[in-house]
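The lines below spell out each chain.
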Amino acid sequence: MIPGTAGSRHLRPWHYIAAAYTFAVGMAGTTLPTPLYGLYQREIGFSSFLVTVIFATYAVGVIAVLVLAGDLSDLRGRRPVLLIALLLSMAGAGCFLAEGGLPWLLAGRLLSGFSAGLLTGTATVAVMELTPPGGRERAAFAATAANMGGLGCGPLLAGVLAEYAPAPLRLPYLAHLGLLVVACALTAALPETARPDRPLPRLRIRPPGVPHQVRTVFVPAALAGFAGFAMFGLFTSVAPTFMATHLGVHNLAVSGAVVFAAFASSTAGQLTAGRLPGSRALPAGCFLLVAGMLLIGASLLTGELALLLAGAIVGGTGQGLAFRAGVTAVTTRAPRDRRGETTSAFFVVAYLGISLPVLGVGALTLVLGLRDAGLVFTGCVTLLAVAIGLHLLRSPAAGSGVPGRP
């Protein structure tokens, strides 16, 4: 044990709870603008396609950090990386508060992406490592629930404040800044769990590393993550616009609540995943995701808000089930000194799912319109989720994080 790292006997229950809070607050900032895009469209004037470009700018920031610095917390420690991520989130909120037009929105989303890129892998591992002995399952749930719960609370917080409080384009970010200050104080008090005993390499572009012993589990888990995050990309980019233009939902709190329902259901799905072996949780999550996508497609065809909400709940549950099983399998199989790097590689694939398909939807809206573009999207995600689920049924060991366990 090197100086500055925490031994298991020194861990306290509040440590992993504080790390989970930091994770949730940081991720909440990445979805905070979701119900506000309509206000920005009216104030600045841009199309639904540009909304997806703004949204994808965030994903570009995430992926860039994961690729360039996915193993940074393995090399320099979890706590410093978490603090940097929180400061970047503060800077992103500052860009939105500047209200200087489209360039500031893009800069704010890019900084949010940088923050999320550092948080996703580092905070996931930090929560698990800060849990006292015997709490691996609890830690896995806390980490993934903090991720999805934070992503869901962002739109809910912004929607309620924008609808019922003054300064709708300022107050949500000011509230988030207050939460970030608390997160910084808690993170500074956490013990260090990494063993940064290697020199920091010169920054260079390199593909995310996946150790050979993880790959059999990694591929189906990451593809399931891609499909689930693609659904979330739809909800956090153009779904509020669709609700306003096709479903007549103009209440920002309602729009935020529908998006929150998807992420809250993901948390419920993650809780369910703890009761199933990974070999069953992954395919079950994929098939629930299929059911959710079919409900979303039915909502697009009929214009029924109830079907969209049902799709959010069912699809979110499936995403959470598969997501937790995938994260647990990947982190369990990965060597300790490459755990942060491997987890970051998992999120690279997931965030490709939250960006590329959404950009495709945005481009298709210029030709087909928002509804038909959404139908093409739901069809593609449905086919992908079916293929992954069938593969996992044929090869159950691919869904387990323990070698040789079906």
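Residues numbered from 1 in each chain as written. Predicted model: local features only at pLDDT ≥ 70, side-chain atom pairs only at ≥ 80, totals over all residues. Heavy atoms only, no water.

Let's talk about the nonpolar core
Phase 1 of the analysis: Of all hydrophobic cores here, the largest spans 108 residues; its most connected members are Tyr40, Phe218, Phe346 and Tyr351.
Phase 2 of the analysis: Among the elements that line this core, the one with the most residues is helix α9 (residues 215-237), at 12 residues.
Phase 3 of the analysis: Those residues in contact with Tyr351, other than ones at most four positions away along the chain, are Met27, Tyr58, Ala59, Val62, Ile63, Thr120 and Phe229.
Phase 4 of the analysis: Counting 5 residues, the second largest nonpolar core, distinct from the first, contains Leu86, Leu180, Ala183 and Cys184. (Core = buried A, V, L, I, M, F, W, Y, C linked by side-chain atoms within 4.5 Å. Buried < 20%, exposed > 50% of the residue type's maximum accessible area, 1.4 Å probe, protein only. Helix = DSSP H or I, 4+ residues; strand = E, 2+ residues; numbered from the N terminus. Contact = heavy atoms within 4.5 Å.)

Some remarks on the side chain of Asn147
Phase 1 of the analysis: Relative to the helices and strands, Asn147 is located in helix α7 (residues 136-164).
Phase 2 of the analysis: Residues within four places of Asn147 in sequence aside, it is in contact with Phe23, Met27, Phe323 and Phe347.

Considering the packing of aromatic side chains
Phase 1 of the analysis: Taken as a whole and assessed by the stated rule, the structure comprises 9 aromatic pairs.
Phase 2 of the analysis: Their ring planes at 80 degrees and their centres at 6.5 Å tell us that Phe218 and Phe346 sit as a pair that is edge-to-face. With Phe218 in helix α9 and Phe346 in helix α14 (residues 339-368), this residue pair connects regions lying 128 residues apart in the sequence. Phe346 carries the same exposure label as Phe218, and that label is buried.
Phase 3 of the analysis: Among the aromatic residues, ring-to-ring pairing joins Tyr58, Phe218, Phe229, Phe232, Phe263, Phe323, Phe346 and Tyr351 into one connected group. (Phe/Tyr/Trp six-rings, centres within 6.5 Å; stacked < 30°, edge-to-face > 60°.)

With respect to the environment of Ala334
Phase 1 of the analysis: Summarising the element assignment, Ala334 is placed in the loop between α13 (305-333) and α14.
Phase 2 of the analysis: Look at Ala334 and you get buried, because its relative accessible area is 5%.
Phase 3 of the analysis: Along the sequence, Ala334 and Pro211 sit 123 residues apart, while their C-alpha atoms lie 7.0 Å from each other.

Details of the side chain of Gln41
Phase 1 of the analysis: If you trace the backbone, Gln41 turns up in helix α2 (residues 37-44).
Phase 2 of the analysis: Setting aside residues up to four positions removed in sequence, Gln41 forms contacts with Phe46, Ser47, Ser48, Val51 and Thr241.

Points about the packing of helix α5 (residues 78-98) against helix α8 (residues 171-188)
Phase 1 of the analysis: As a packed pair, α5 and α8 sit with axes 10 Å apart at the nearest point and diverge in direction by 165 degrees. By the angle class used here, α5 and α8 are roughly antiparallel. Read as a crossing pair, α5 and α8 show a hand that is left-handed. Residues Arg79, Leu82, Leu83, Leu86, Ser89, Met90, Ala93, Phe96 and Leu97 of α5 form the contact with α8, whose own contacting residues are Tyr173, Leu174, His176, Leu177, Leu180, Val181, Ala183, Cys184, Thr187 and Ala188. (Axes fitted to C-alpha atoms, helices over the stretch in contact; angles between N-to-C directions. Parallel < 35°, antiparallel > 145°, perpendicular 65-115°, else oblique. Left-handed = near helix turned anticlockwise from the far one by under 90°.)

Points about the state of the cysteines
Phase 1 of the analysis: A complete count under the given rule lists 0 disulfides for this structure.
Phase 2 of the analysis: Not part of a disulfide, Cys153 finds its nearest cysteine sulfur in Cys184, a span of 19 Å.
Phase 3 of the analysis: With no disulfide of its own, Cys286 lies closest to Cys380 among cysteine sulfurs, the gap being 16 Å.
Phase 4 of the analysis: We classify Cys286 as buried; its relative accessible area is 3%. (Disulfide = S-S within 2.5 Å.)

Focus on α5
Phase 1 of the analysis: Over its 21 residues, α5 extends 31 Å from the first C-alpha to the last, a length consistent with the 30 Å expected when each residue adds 1.5 Å.
Phase 2 of the analysis: Turning to α5, its buried residues are Arg78, Val81, Leu82, Ala85, Leu86, Ser89, Gly92, Ala93, Cys95, Phe96 and Leu97.
Phase 3 of the analysis: Contacts made by the buried residues of α5 are with α1 (13-31), α2, α4 (72-76), α6 (102-129) and α8.
Phase 4 of the analysis: Directly beyond the C-terminal end of α5, a positive phi value near 50 degrees is found at Glu99. (Expected span 1.5 Å × (residues − 1).)

Concerning the pattern of salt bridges
Phase 1 of the analysis: What the rule picks out here adds up to 2 salt bridges.
Phase 2 of the analysis: When the shortest N-O distance is used, the salt bridge between Arg78 and Glu129 registers 3.0 Å. Here Arg78 is found in helix α5, whereas its partner Glu129 is found in helix α6, with 51 residues between them in sequence.
Phase 3 of the analysis: Note on Arg78: relative accessible area 4%, which makes it buried.
Phase 4 of the analysis: A salt bridge links Asp372 to Arg371; the shortest N-O distance between them is 3.2 Å.
Phase 5 of the analysis: The class for Asp372 is partly exposed, based on a relative accessible area of 30%. (Salt bridge = Lys/Arg side-chain N within 4 Å of Asp/Glu carboxyl O.)

Considerations on α6
Phase 1 of the analysis: For α6, with 28 residues, the first-to-last C-alpha span of 40 Å sits near the 40 Å given by 1.5 Å per residue.
Phase 2 of the analysis: Along α6, the sharpest change in direction is near 35 degrees and occurs at Leu119.
Phase 3 of the analysis: Among the 28 residues of α6, 21 are classified as buried, and the element is accordingly described as predominantly covered. (Bend = angle between axes of the 7 residues up to and from the residue.)

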